[in-house]
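Residue-level listing of the chains:
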Amino acid sequence: MKSGVSIDDVLAEVALMVRPQFGKGRPADYIPQLAGIDPHKFGMAVCTFSGGEHVIGDADEAFSAQSITKLFALGLALNQIGDEVWTRVGKEPSGTPFNFLSQLEYEHGVPRNPFINAGALAITDILLDTVKAPELLVRDFIGMLSGSRLEIDEAVAQSEIDTAHKNRAIANLMRGAGTITHAVEAVIAAYCRQCAITLSCRQLARAALPLAADGFSPVAEETIFPSRLTRRLNALLLTCGTYDSVGSFAYRVGLPAKSGVGGGILAVVPGQATIAVWSPELDKFGSSVVGTAALEYFSQLTNCSVL
Ligand code: GLU
């Protein structure tokens, strides 16, 4: 990041610059419980490698983490079984929507990457090999990394479980292909409950610090990922983390990132900081409109792009 810039001043400027973006997207409504969130919420948090925390707006309000949890579930699976993960899931951008079905069929039930729904369902299946409730493992892992106790929003979870018809179709296809080995309903329930973990921008930025600090969590005071794995997780975020608009996201923001349909986006400045932003209105691909703009302005003002 540009030396001498005040992160607090940058956040204040970003909060002003994003104002014209409100009203340009729509909150996710395919999960009924998410449709009722105030669309004009906006929070942003920056945690630096050296222990600084900077926040603005609704940065301490909990929101639905959704797809952002896929990053932490993948980290757990890679820590558990290492490269064997890649026999079940690929590492290529999908170029298709996060819940696309047909690609999976002509690619023989092997998901393109761990961040589309099919890939995340396969990761849930891997975690189910060793624990009964992987969503609690993921919740407690993120909680440990953020230094707080996190909750699963049961109403959001149930709302998604009741309406997860497309994800059930994806899971059934993979069950048939052998990519998923556990009962489809068990995988769906654990996956939907994992997506319903709630956390604030500050908690998310803290939890992701190992990705900016060569695998070390300053909050948990321990090494979470080996250094090489940290680099690889960031590579996957950069190439697959923001749905099928990953190219234009990299073009605009230039940082490894993961977005979720709850309106959150996590971005990593390797070696320096993590940034979490939340605003519920989404673009047609599923990323927060205001959140993407905020990260674009932040990266321009601080010159922190990795590209
Ligand atoms: N639970 C959501 C789904 O499966 C997650 C999607 C997302 O945040 O990208 O549809």
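Structure: above.
Rules used throughout
Residues numbered from 1 in each chain as written. Predicted model: local features only at pLDDT ≥ 70, side-chain atom pairs only at ≥ 80, totals over all residues. Heavy atoms only, no water. Patch = residues over 30% accessible without salt bridge, like charges linked within 9 Å, V, L, I, M, F, W, Y side chains within 5 Å. Areas by Shrake-Rupley, 256 points an atom, 1.4 Å probe, with all protein chains shown as cover. Salt bridge = Lys/Arg side-chain N within 4 Å of Asp/Glu carboxyl O. Lys, Arg positive; Asp, Glu negative; His and termini not counted. Charge placed at Lys NZ, Arg CZ, Asp CG, Glu CD. Helix = DSSP H or I, 4+ residues; strand = E, 2+ residues; numbered from the N terminus. Buried < 20%, exposed > 50% of the residue type's maximum accessible area, 1.4 Å probe, protein only. 1 Å grid on protein atoms, 1.4 Å probe; cavity = no way out; pocket = protein on both sides within 12 Å on 5 of 7 lines; lining within 4 Å. Points joined across faces, edges and corners; volume = space filled by probe spheres on them. Nonpolar A, V, L, I, M, F, W, Y, C, P; charged D, E, K, R; others polar. Polar contact = N/O pair within 3.5 Å; in protein donor to acceptor, adjacent residues only side chain to side chain. Contact = heavy atoms within 4.5 Å. Axes fitted to C-alpha atoms, helices over the stretch in contact; angles between N-to-C directions. Parallel < 35°, antiparallel > 145°, perpendicular 65-115°, else oblique. Left-handed = near helix turned anticlockwise from the far one by under 90°.

## Comments concerning a positive patch on the surface
On the surface, Lys91, Arg228, Arg231 and Arg232 cluster together into a positively charged patch. Within the secondary structure layout, Arg231 lies in helix H11 (residues 227–240). Residue class for Arg231 comes out exposed when judged on its relative accessible area of 56%.

## Topic: the layout of surface pockets
The calculated volume of the largest pocket comes to roughly 240 Å³. Taken together, Leu78, Gly82, Asp83, Trp86, Lys91, Pro226, Arg228, Leu229, Arg232, Ala235 and Leu236 form the lining of the largest pocket. Sorting elements by how many residues they give to the lining of the largest pocket places H11 first, with five residues. Taken together, the residues that form the lining of the largest pocket break down as six nonpolar, one polar and four charged.

## A closer look at the pattern of salt bridges
A side chain of one charge can pair with a side chain of the opposite charge if their charged atoms are brought near each other. In this structure the tally under the stated criterion is 13 salt bridges. The salt bridge involving Asp29 is made with Arg26; its shortest N-O contact spans 2.5 Å. Note on Arg26: relative accessible area 56%, which makes it exposed. Ionic pairing is found between Glu53 and Arg206, a salt bridge with its closest N-O pair at 2.6 Å. Here Glu53, found in strand S2 (residues 53–57), pairs with Arg206, found in helix H9 (residues 201–207); they are 153 residues apart in sequence, far enough to count as distant. Salt bridges here are not isolated pairs; linked through shared partners, they connect Glu53, Asp60, Arg202 and Arg206.

## Focus: the side chain of Ser146
Structurally, Ser146 is set in helix H5 (residues 134–146). Of the polar contacts made by the side chain of Ser146, one reaches the side chain of Ser148; its length is 2.7 Å. Among all residues touching Ser146, those that are not within four sequence positions of it are Gln203, Arg206, Ala207 and Val219.

## Focus: the environment of Leu282
Secondary-structure assignment places Leu282 in the loop between strand S10 (273–278) and helix H13 (289–302). For Leu282, the residues in contact, after removing those within four places along its chain, are Gly25, Arg26, Pro27, Ala28, Gly260, Val261, Gly263, Ser287, Ser288 and Val289.

## Considering the packing of helix H4 (residues 117–128) against helix H7 (residues 165–177)
Remark: H4 packs on H7, axes separated minimally by 10 Å, with the N-to-C direction vectors making an angle of 60°. One element, H4, and the other, H7, form an angle in the oblique class. Crossing of H4 over H7 shows right-handed handedness. The segment H4 lies against H7, with Asn117, Ala118, Leu121 and Ala122 engaging Asn167, Ile170, Ala171 and Met174. Broken down by class, the residue content of the contact of H4 with H7 amounts to six nonpolar, two polar and no charged.

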